[in-house]
2 protein chains.
Amino acid sequence: MSDIAYEPLSVENLGARLGTITAITDLLGTDTQSWDIKEVGDGNLNLVFVVKSPAGSLIVKQALPYVRLVGDSWPLPLKRAFFEYHALIRQAKRDPGTVPEVYHFDEQQALIVMEYFTPHKILRYRLMAGEKTEGMAKVLGNFCARTLFRGSDLSMKTAEKKADAALFLQSVELCDITETLVFSDPYFKAERNHHNPEIDSLVQTLRRDVDLKVEAHHLKSKFCSNGETMLHGDFHTGSVMATDTETKIIDPEFALYGPMGFDIGMLLANFWMSYYSQPAHAEKPGARDAFQEWILQQVEEIWSVFCTEFAHLWRTERTGILYEHTLYEDQGQALASEQALAQRLTDIWQDTLGFAGIELIRRTLSLAHNADNEAIGDEKLRAVGETHGLLLARELVVGRRGMPSISQVHDLVRQIGAGAAL
Amino acid sequence: MSDIAYEPLSVENLGARLGTITAITDLLGTDTQSWDIKEVGDGNLNLVFVVKSPAGSLIVKQALPYVRLVGDSWPLPLKRAFFEYHALIRQAKRDPGTVPEVYHFDEQQALIVMEYFTPHKILRYRLMAGEKTEGMAKVLGNFCARTLFRGSDLSMKTAEKKADAALFLQSVELCDITETLVFSDPYFKAERNHHNPEIDSLVQTLRRDVDLKVEAHHLKSKFCSNGETMLHGDFHTGSVMATDTETKIIDPEFALYGPMGFDIGMLLANFWMSYYSQPAHAEKPGARDAFQEWILQQVEEIWSVFCTEFAHLWRTERTGILYEHTLYEDQGQALASEQALAQRLTDIWQDTLGFAGIELIRRTLSLAHNADNEAIGDEKLRAVGETHGLLLARELVVGRRGMPSISQVHDLVRQIGAGAAL
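Residues numbered from 1 in each chain as written. Chains lettered and ligands numbered in written order. Predicted model: local features only at pLDDT ≥ 70, side-chain atom pairs only at ≥ 80, totals over all residues. Heavy atoms only, no water.

## Some words on the overall build of chain A
Stage number 1. Within chain A one finds 15 helices and twelve strands.
Stage number 2. Taking 2.2 N^0.38 as the reference for a compact globule, 422 residues should give roughly 22 Å; the C-alpha atoms of chain A span a radius of gyration of 22 Å, in line with that estimate.
Stage number 3. Here the C-alpha coordinates of chain A stretch approximately 65 × 60 × 40 Å along the principal axes.
Stage number 4. Across the 422 residues that make up chain A, the buried fraction comes to 61%.
Stage number 5. Sequence separation of at least 24 residues holds for 73% of the intrachain contacts in chain A that already meet a minimum separation of 6.
Stage number 6. When the accessible area of chain A is evaluated, it comes to approximately 15500 Å², of which 51% is carbon and sulfur surface. (Helix = DSSP H or I, 4+ residues; strand = E, 2+ residues; numbered from the N terminus. Rg over C-alpha atoms; globule rule 2.2 N^0.38 Å. Buried < 20%, exposed > 50% of the residue type's maximum accessible area, 1.4 Å probe, protein only. Contact = heavy atoms within 4.5 Å. Areas by Shrake-Rupley, 256 points an atom, 1.4 Å probe, with all protein chains shown as cover.)

Shown next as structure tokens:
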């Protein structure tokens with residue numbers, strides 16, 4: 001199949017086109033007539049098929065030459081499948097068992113055949129429904145620690161890290177989406193923006209806020225230049241799939257080498273948006289109070305697990321060219337590497353808060369909003385959670401260097417949610 | 001010539017091998033018998049020939065497959081000529097007239113034929129001789145501002161910047177030299193280190209200094225990951241050629257994408273080393289006092305010119321994806337971009353001081369020392385300047401965030417030089 005020109009798959013031709021690939025028939029059997037094929041792509045960019053047979057199941061994800069959400073007026077290179085494939089196999093190595101196993105990759109057709117997580121649902125929708133997932137924070141915190149640490153000069157051979165960073169620097173168009181829609185568009189009246197008219201006054205205030213706009217671009221500068229590690233690049237609650245007891249991570253097509261705090265920051269922001277949107281999703285007033293607290297507990301645990309695992313890897317797998325044992329432990333100065341660790345975690349923490357604020361703002365003011373808020377039909381009701389998120393965001397972006405702990409941040413989250421700032 | 005396998009040039013065969021290349025014969029004429037060929041490479045790595053004819057002159061620089069200083073026991077890829085060529089043509093575009101014009105590049109033979117600066121001498125030796133160069137600070141400050149600004153996401157189209165960063169990420173072995181010899185070796189008893197036995201006690205103290213060793217690796221981390229702009233990469237006073245009135249910059253084979261403060265930091269450190277070594281080169285006690293002050297004036301002017309030109313480019317050429325006009329000027333908030341500029345210059349300043357400290361230390365403790373000190377035969381006398389440099393370095397690396405201005409740093413430089421800290 002890889003010899004023919006790119007052509008989008010369809011429910012009708014998928015069996016004929018993929019039915020001779022051993023890696024696929026090993027799982028589904030060769031009787032393509034028995035395959036049950038559904039197109040389920042609800043994302044913004046790609047075709048996604050669930051294919052089931054009596055023998056098994058899998059996902060076929062194929063890039064389209066444009067942004068699906070917008071149409072062919074916004075072209076986007078097929079090569080993003082290449083970057084997603086390369087990110088997936090690296091993540092699988094760095095944190096086994098959390099991302100879908102890749103069964104087959106066809107660069108020409110821009111398609112990845114991979115593990116189907118079932119009965120998992122997108123975490124964002126589970127949170128909107130008030131559904132808890134056991135063990136989730138542990139999976140997410142460990143995933144961040146392991147992929148961030150093991151993809152960096154703290155761990156990798158530097159020649160491999162440099163080659164890898166160069167590879168992902170080819171992902172110009174996907175990075176451009178983040179650079180533009182996340183870091184710039186929200187801060188002025190850009191063409192693709194839209195926002196709830198009920199928050200218009202706050203939006204104008206934020207777009208006049210010099211400190212906010214300057215800090216936003218200090219963070220953009222870090223995002224563009226500081227290639228510390230391979231990031232997922234789009235690590236929100238829509239890139240997580242979960243059941244009551246299992247958590248999996250998908251969709252790293254925006255992968256890039258960037259600053260460590262970016263993934264965790266984006267993730268935390270999405271939990272905080274979920275937190276603020278809960279009252280609007282509540283079956284009756286107060287019905288989600290406990291669930292809101294559960295969300296904050298998850299965030300605290302994600303950060304705590306991240307720090308613990310990052311520190312564990314720092315102590316046991318620090319084999320790269322940074323903070324070498326020769327300088328510290330081998331001189332009987334193990335506390336020197338602990339001092340360095342504490343300072344690096346402080347840096348990551350401040351970046352995390354900054355990027356979280358950036359994500360909160362872009363999800364409310366830029367092109368791609370999040371279902372947590374968008375599913376709230378009543379604009380006035382939606383505006384409440386959106387306003388809380390934006391007020392928090394401003395404090396995080398501008399004040400990130402003065403927020404020592406997650407509990408202090410959550411004190412602020414609750415104060416804002418309780419209307420103290422309104 | 002580029003079809004045949006790599007072979008080092010010699011004074012004997014250079015005429016025959018290069019005498020058919022039009023770009024060369026256009027300058028020297030075709031009568032290779034009239035060429036006057038001298039091998040003058042006094043650097044650590046390469047063959048360098050000066051070729052003169054009645055019609056003109058040029059430099060032929062050819063990489064060797066090993067480190068010349070050490071021999072073939074230390075192999076080093078020929079590809080460094082490729083990176084030097086690519087750095088030279090970019091620098092020429094970004095700051096016309098300061099680097100040698102390239103007449104011819106042969107990747108296979110790892111050779112660059114370029115402009116011969118004559119009667120220019122290496123700046124380091126001019127400083128050792130107490131010779132001043134008019135206009136030097138302006139050239140060096142402007143060169144830093146223009147190359148750093150114009151090679152970054154502040155100015156370039158980001159697709160070009162990413163492709164360029166990826167290109168230079170291939171320079172693994174040259175980066176490894178900096179990463180190892182500059183940032184790690186000095187801080188423990190590494191095999192290739194050597195130092196003056198007269199400073200042994202201070203060296204031991206520095207190698208036990210936890211804060212210093214931790215900060216050194218925070219700076220190494222920035223060097224390895226923060227690819228803000230194309231750096232010269234080896235910007236010391238040995239990479240500058242000067243007459244009484246002209247200043248030129250050569251030898252960017254260590255070019256890489258890295259943090260903005262690195263080049264200026266290395267440069268300032270070399271001036272401070274020159275400052276501290278002056279008394280040992282003085283014709284009689286006190287004979288270099290005025291020249292020492294001239295050196296500090298040059299440093300102040302380099303920093304001041306750098307800031308002025310960087311600000312000028314910030315205001316007139318900020319066409320990249322960072323701190324976009326759409327967010328600031330176009331909203332009638334020009335002071336927002338001034339706020340961002342001031343903060344970025346502060347960041348660059350702090351990095352500059354940190355990298356300067358790193359350079360001071362490695363030039364005294366690691367493999368490659370500098371002639372300013374090495375030319376002082378008397379170990380006790382040499383130890384005085386070395387000690388001053390190391391004491392300054394420690395303060396710069398650990399205290400860089402608390403040093404607001406160059407005059408405050410120079411107050412410290414003078415205090416240490418006057419023996420206050422001994």
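## Topic: the interface of chain B and chain A
Where interface size is given, it is often the accessible area lost as the parts come together that is meant.
Stage number 1. Listed by partner, the interface residues are 44 residues for chain B and 44 residues for chain A.
Stage number 2. Buried area between chain B and chain A, summed over both chains or domains, comes out near 4000 Å², and the portion from carbon and sulfur atoms is 55%.
Stage number 3. Looking at the side of chain B facing chain A, the largest losses of area belong to B:K162, B:L169 and B:L327, adding up to 15% of the total buried there.
Stage number 4. Where chain B meets chain A, there are four salt bridges.
Stage number 5. The salt bridge involving B:E179 is made with A:K162; its shortest N-O contact spans 2.7 Å.
Stage number 6. Linking chain B to chain A there are 30 residue pairs in polar contact (both at pLDDT 80 or more).
Stage number 7. Listing elements by their share of the side of chain B that touches chain A, those giving two or more residues are α6 (158-168), α7 (172-182), α9 (210-225) and α12 (334-365) of chain B.
Stage number 8. In terms of residue count, the dominant contributor to the side of chain B that touches chain A is α9(B) (eleven residues).
Stage number 9. Classifying every residue of the side of chain B that touches chain A by side-chain character gives 18 nonpolar, 13 polar and 13 charged. (Buried area = accessible area lost by both parts, 1.4 Å probe. Salt bridge = Lys/Arg side-chain N within 4 Å of Asp/Glu carboxyl O. Polar contact = N/O pair within 3.5 Å; in protein donor to acceptor, adjacent residues only side chain to side chain. Nonpolar A, V, L, I, M, F, W, Y, C, P; charged D, E, K, R; others polar.)

## Observations concerning the relation of the copies chain B and chain A
Between the two chain copies there is a screw-like relation: a rotation about an axis and a shift along it.
Stage number 1. Once chain B is rotated about the relating axis by 180° and shifted along it by 0.0 Å, it coincides with chain A to within an RMSD of 0.0 Å. Such a turn and shift between the copies fits a two-fold axis.
Stage number 2. Both copies present the same face, since 100% of the interface residues in chain B are matched by interface residues at the equivalent positions in chain A. (Least-squares fit on C-alpha atoms with pLDDT ≥ 70 in both.)

## With respect to the pattern of salt bridges
Residue and element names in this part refer to chain A.
Stage number 1. Under the criterion given, the structure shown has 63 salt bridges over all chains.
Stage number 2. Two residues, D153 and K161, come together in a salt bridge whose shortest N-O distance is 3.4 Å. As far as burial versus exposure is concerned, D153 and K161 are alike and both buried.
Stage number 3. It is possible to trace a salt-bridge network through shared partners that takes in K61, R80, E84, D251 and E253.

## With respect to the nonpolar core
Stage number 1. Grouped together as the largest cluster of nonpolar side chains are 189 residues, with contacts concentrated most on A:W272, A:F306, A:F310, B:W272, B:F306 and B:F310.
Stage number 2. Those residues in contact with B:F306 that lie beyond four places of it in its chain are B:G141, B:C144, B:A145, B:L148, B:I264, B:L345 and B:I348. (Core = buried A, V, L, I, M, F, W, Y, C linked by side-chain atoms within 4.5 Å.)

## Observations regarding helix α5 (residues 136-150) of chain B
Stage number 1. Here α5(B) is 15 residues long and its end C-alpha atoms lie 21 Å apart, about the 21 Å a rise of 1.5 Å per residue gives.
Stage number 2. Of the residues making up α5(B), those classed as buried are B:M136, B:A137, B:L140, B:G141, B:N142, B:F143, B:C144, B:A145, B:T147, B:L148 and B:F149. (Expected span 1.5 Å × (residues − 1).)

## Section: the sheet that holds strand β10 (residues 240-242) of chain A
Residue and element names in this part refer to chain A.
Stage number 1. One open sheet holds the three strands; their spatial order is β8-β10-β11, and the pairing between them is antiparallel. Each end of this open sheet is capped by a strand with a single partner; those strands are β8 (121-122) and β11 (247-249).
Stage number 2. Where β10 lies against β11, three bridges are found, and the strand directions are antiparallel. Following the sheet pairing, M241 is matched in β11 by K248.
Stage number 3. Running over the sheet, helix α5 (residues 136-150) touches β10 and β11 and is turned about 30° from β11. (Pairing = 2+ DSSP bridges. Axes fitted to C-alpha atoms, helices over the stretch in contact; angles between N-to-C directions.)

## Quick word on α9(B)
Stage number 1. Between its first and last C-alpha atoms α9(B) spans 23 Å; for 16 residues at 1.5 Å apiece the expected length is 22 Å, and the two agree.
Stage number 2. Counted residue by residue, α9(B) has 13 buried out of 16 residues, so it is predominantly covered.

## Things to note about the side chain of A:R288
Residue and element names in this part refer to chain A.
Stage number 1. Relative to the assigned elements, R288 resides in the loop between α10 (261-281) and α11 (289-316).
Stage number 2. What makes R288 buried here is its relative accessible area of 5%.
Stage number 3. A polar contact is formed between the side chain of R288 and the backbone oxygen of M128, at a distance of 3.0 Å.
Stage number 4. Those residues in contact with R288, other than ones at most four positions away along the chain, are L127, M128, A129, G130, Q278, H281, A282 and E283.

## Points about the packing of aromatic side chains
To describe a pair of aromatic rings, you give the distance between the ring centres and the angle between the ring planes.
Stage number 1. Enumeration over the complete set of coordinates arrives at 36 aromatic pairs over all chains.
Stage number 2. Ring centres of A:F262 and A:F355 lie 5.3 Å apart, and the angle between their planes is 75°; this geometry places the pair in the edge-to-face category. With A:F262 in helix α10 and A:F355 in helix α12 (residues 334-365), this pair connects stretches of sequence that are 93 residues apart.
Stage number 3. Of the residues examined, A:F355 reaches a relative accessible area of 2% and is grouped as buried.
Stage number 4. Here a set of aromatic residues connected by ring pairs shows up, and it is made of A:F149, A:W303, A:F306, A:F310, A:W314, A:Y323 and A:W349.
Stage number 5. One residue, B:R192, lies across the ring of B:W74, its end atom 4.5 Å from the ring centre. (Phe/Tyr/Trp six-rings, centres within 6.5 Å; stacked < 30°, edge-to-face > 60°. Lys NZ or Arg CZ within 6 Å of the ring centre and 35° of its normal.)

## Some thoughts on the domain arrangement of chain A
Residues and elements named next belong to chain A.
Stage number 1. As assigned here, chain A comprises domain 1 (14-114) and domain 2 (121-417).
Stage number 2. For domain 1 versus domain 2, the separation of C-alpha centres amounts to 27 Å.
Stage number 3. At the junction of the two partners, domain 1 supplies 25 residues and domain 2 supplies 32 residues.
Stage number 4. Per-residue buried area on domain 1 facing domain 2 is highest for W74, F83 and R94; these three make up 30% of the total on that side. (Domains from an automatic or database assignment.)

## Section: the confidence of the model for chain A
Stage number 1. Residue-level pLDDT values for chain A average 96, and 98% of them are 70 or greater.
Stage number 2. If you check the scores for this complex, the pTM reads 0.97 and the ipTM reads 0.96. (pLDDT = per-residue confidence, 0-100.)

## Quick notes on the sheet that holds strand β6 (residues 102-106) of chain A
Residues and elements named next belong to chain A.
Stage number 1. Strand order across the open sheet formed by five strands is β1-β2-β3-β7-β6, with antiparallel pairing between neighbours. Two strands close off the open sheet at either side, each with one partner strand: β1 (36-39) and β6. With strand direction ignored, the average angle separating the axes of adjacent strands in the sheet is 15°.
Stage number 2. As judged from the seven bridges shared by strand β2 (residues 46-52) and strand β3 (residues 57-63), these two strands associate in the antiparallel manner. Its bridge partner being in β3, V48 is matched across the sheet by K61.

## Topic: the pairing of strand β6 (residues 102-106) of chain B
Residue and element names in this part refer to chain B.
Stage number 1. Examined bridge by bridge, β6 and strand β7 (residues 111-114) share four bridges and lie antiparallel to one another. Counterpart to H104 in the pairing with β7 is V113.
Stage number 2. The turn linking β6 back onto β7 is made up of four residues, and A110 within it adopts a positive phi angle of 55°.

## With respect to the state of the cysteines
Stage number 1. The full count for this structure, using the stated rule, is zero disulfides over all chains.
Stage number 2. In this model B:C175 remains outside any disulfide bridge; the closest cysteine sulfur is found in B:C224, 7.9 Å from its own. (Disulfide = S-S within 2.5 Å.)

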